[in-house]
Amino acid sequence: MDFEEEPPPKEWGLDPFFFMFAKLYIKDILELKPSKLGRKIHFYKSHPVTKVEILGAVVFKQEREKFTCYGVDDGTGVIKCFCWKNSRQNKASDSGQSVGGLPMARQELQERSTLELGDLIRARGRVKTYREQMEISAYSYCKVDDPTLEVQISWMREVPRLYRKYYDKPCLGSSAGKRPGDTGSDGPLTLSKLVALMAEQLREFLRESKVSTFSLQDLETVDSLVSVACRPLESVPTEEEAEIAASNAKRVRHVFTHAAQKLEEEGLAFVKKCYPVKVYQVTVKDQELLRVTRQIILADCKLPHNADQGCHFLSVFRSVTERFRSVNKAALRQVLDALELSSDIVSSTGSHYVAF
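Source: prediction; values computed, not measured.

Caption draft 1: Layout of a positive patch on the surface. Side chains of Arg-161, Arg-164, Lys-165 and Lys-169 sit close together on the surface and give a patch of like positive charge. In this structure, Arg-164 sits in helix H4 (residues 150–167).

In structure tokens form, the structure reads like this:
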């Protein structure tokens, strides 16, 4: 696997990038590649990035009722950083501590959370794409007083070192860091690996085609998919797998069934109906589901307790599943991502949403 390629989802958690606030140059944040799976995951080379930390100067400022948008410039690029007002998202303000953990008075916190043009800002937040542009939704932020440039010099020393030592190298233990002769994903083709391969082919097929619903029987008429399902197995470790592999029809049905289940677990599809045959719905192509979800968020945001942060994910999930019972949490996140991409909603925190 090439270092520039996206690793499979099962390897994302092996990479520390997945959990950390990555200290990236803004130029590289703007060039992050979105995951092929359509989740709120972006990639720097083969590293999965969800959260970042930036340090830069405020070059523009836009005040809104519920948030302030700062344009942050670190010398490599400019990115929008959305800082929400009266939100528990700003953990420093709620805890009475600065980002570094030092106690300070609330008055000083208020001063540090109010920035003007030219001020130095340090922010941590989630990266996301909005109207095809990268931006940051801040979890915490503060004004940095740096009259002797000590903080900026320290940052300029630390970040290049992180790039050299970690960011520009593949994660140890992932397939991106393995040579062709290594054991692991390059081993003999087994039934489980064939299912994983079919799941990847199905994702690509559904993404590029106009298909919005499908059954297993429909998939078995697609020659390009059937050819993958019919690939000869190189290893059959159990008697059950040997029995399935012996019959071409059984193997094709087994591969398609379990590949579709993988897509269902990932939220890319959900069961539309079960009788007389099971029919799957491509999640982001269900216009009714998109419309209902947006209406639920729009209605819930009008409630007094949702006025500040918006509607919580779990509240949306409960309401959606009253009408679409087979939609799981992963599928709902796909829907919310699609609505956010089309500018119908915006995430005010990692789990709250506001509709327009």
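Caption draft 2: The arrangement of the packing of aromatic side chains in detail. In this structure the tally under the stated criterion is eleven aromatic pairs. Ring centres of Tyr-70 and Tyr-141 lie 6.4 Å apart, and the angle between their planes is 50°; this geometry places the pair in the tilted category. One end of the pair, Tyr-70, is in strand S6 (residues 67–73); the other, Tyr-141, is in strand S9 (residues 133–144), with 71 residues separating them in the sequence. Residue Tyr-70 is classed as buried on the basis of its relative accessible area of 2%. Geometrically, the ring pair formed by Tyr-163 and Tyr-167 is edge-to-face, given 5.0 Å between the ring centres and 70° between the ring planes. Remark: Tyr-167 and Tyr-163 occur in helix H4; sequence separation between them is four residues, near one turn of the helix. Of the aromatic side chains, those joined through ring pairs into one cluster are Tyr-25, Tyr-44, Tyr-163 and Tyr-167. In this structure, Lys-51 packs its charged tip against the face of Phe-21, placed 4.8 Å from the ring centre. In this structure, Arg-333 packs its charged tip against the face of Phe-313, placed 3.9 Å from the ring centre.

Caption draft 3: Examining unusual backbone geometry more closely. The residue after Tyr-275, namely Pro-276, is reached through a cis peptide bond having omega 0°. Its identity as a non-glycine residue notwithstanding, Lys-45 has a phi of 55°, on the positive side. By the element assignment, Lys-45 lies in the loop between strand S3 (42–44) and strand S4 (47–49). The backbone of Leu-149 shows a phi angle near 65°, a positive value even though the residue is not glycine. Relative to the helices and strands, Leu-149 is located in the loop between S9 and H4. The partly exposed category is assigned to Leu-149, whose relative accessible area is 43%.

Caption draft 4: How the structure looks around the side chain of Thr-68. Among the secondary structure elements, Thr-68 is positioned in strand S6. Within polar-contact distance, the side chain of Thr-68 engages the side chain of Glu-63 at 3.2 Å. In this structure Thr-68 touches Lys-61, Gln-62, Glu-63, Cys-81, Phe-82, Cys-83 and Lys-85, once residues within four positions along its chain are discounted.

Caption draft 5: View of helix H9 (residues 248–266). An ideal rise of 1.5 Å per residue puts 27 Å on 19 residues; H9 measures up with 27 Å between its terminal C-alpha atoms. Among the residues making up H9, those that are buried are Arg-251, Val-252, His-254, Val-255, Phe-256, Ala-259, Ala-260, Leu-263 and Glu-266. Directly after H9, the chain includes Gly-267, whose backbone phi takes a positive value near 85°.

Caption draft 6: Structural view of helix H11 (residues 313–323). By the burial criterion, the buried members of H11 are Phe-313, Ser-315, Val-316, Phe-317, Val-320 and Thr-321. Those residues of H11 that are buried lie in contact with helix H10 (287–300), strand S13 (311–312), helix H12 (329–341) and strand S15 (352–355).

Caption draft 7: Quick peek at the side chain of His-47. With respect to the helices, strands and loops of the structure, His-47 is situated in strand S4. A polar side-chain atom of His-47 sits 3.1 Å from the main-chain carbonyl oxygen of Tyr-167.

Caption draft 8: Main features of the sheet that holds strand S10 (residues 213–215). The sheet built from three strands is open, its strands ordered S10-S12-S11 with antiparallel pairing. At either end of the open sheet lies a strand with only one pairing partner, and these are S10 and strand S11 (269–273). Each neighbouring strand pair of the sheet contributes to a mean axis angle of 40°, computed without reference to strand direction. Direction of pairing for S11 relative to strand S12 (residues 279–282): antiparallel, over a ladder of four bridges. For Lys-273, the partnering residue across the bridge sits in S12 and is Val-279.

Caption draft 9: Representation of the pattern of salt bridges within the structure. Taken as a whole and assessed by the stated rule, the structure comprises 18 salt bridges. The closest approach of N and O atoms between Arg-122 and Glu-53, which form a salt bridge, is 2.8 Å. Taken together, the residues span a long stretch of sequence, with Arg-122 in strand S8 (residues 120–130) and Glu-53 in strand S5 (residues 51–63) at a distance of 69 residues. Here Arg-122 matches Glu-53 in class, with each residue buried. Salt-bridge contacts for Glu-288 lead to Arg-323; the nearest nitrogen and oxygen are separated by 2.6 Å. Of the two residues, Glu-288 is situated in helix H10 and Arg-323 in helix H11; the sequence distance between them amounts to 35 residues. Classification of Glu-288 as partly exposed rests on a relative accessible area of 28%.

Parameters at a glance
- Residues numbered from 1 in each chain as written.
- Predicted model: local features only at pLDDT ≥ 70, side-chain atom pairs only at ≥ 80, totals over all residues.
- Heavy atoms only, no water.
- Patch = residues over 30% accessible without salt bridge, like charges linked within 9 Å, V, L, I, M, F, W, Y side chains within 5 Å.
- Areas by Shrake-Rupley, 256 points an atom, 1.4 Å probe, with all protein chains shown as cover.
- Salt bridge = Lys/Arg side-chain N within 4 Å of Asp/Glu carboxyl O.
- Lys, Arg positive; Asp, Glu negative; His and termini not counted.
- Charge placed at Lys NZ, Arg CZ, Asp CG, Glu CD.
- Helix = DSSP H or I, 4+ residues; strand = E, 2+ residues; numbered from the N terminus.
- Phe/Tyr/Trp six-rings, centres within 6.5 Å; stacked < 30°, edge-to-face > 60°.
- Buried < 20%, exposed > 50% of the residue type's maximum accessible area, 1.4 Å probe, protein only.
- Lys NZ or Arg CZ within 6 Å of the ring centre and 35° of its normal.
- Polar contact = N/O pair within 3.5 Å; in protein donor to acceptor, adjacent residues only side chain to side chain.
- Contact = heavy atoms within 4.5 Å.
- Expected span 1.5 Å × (residues − 1).
- Pairing = 2+ DSSP bridges.
- Axes fitted to C-alpha atoms, helices over the stretch in contact; angles between N-to-C directions.

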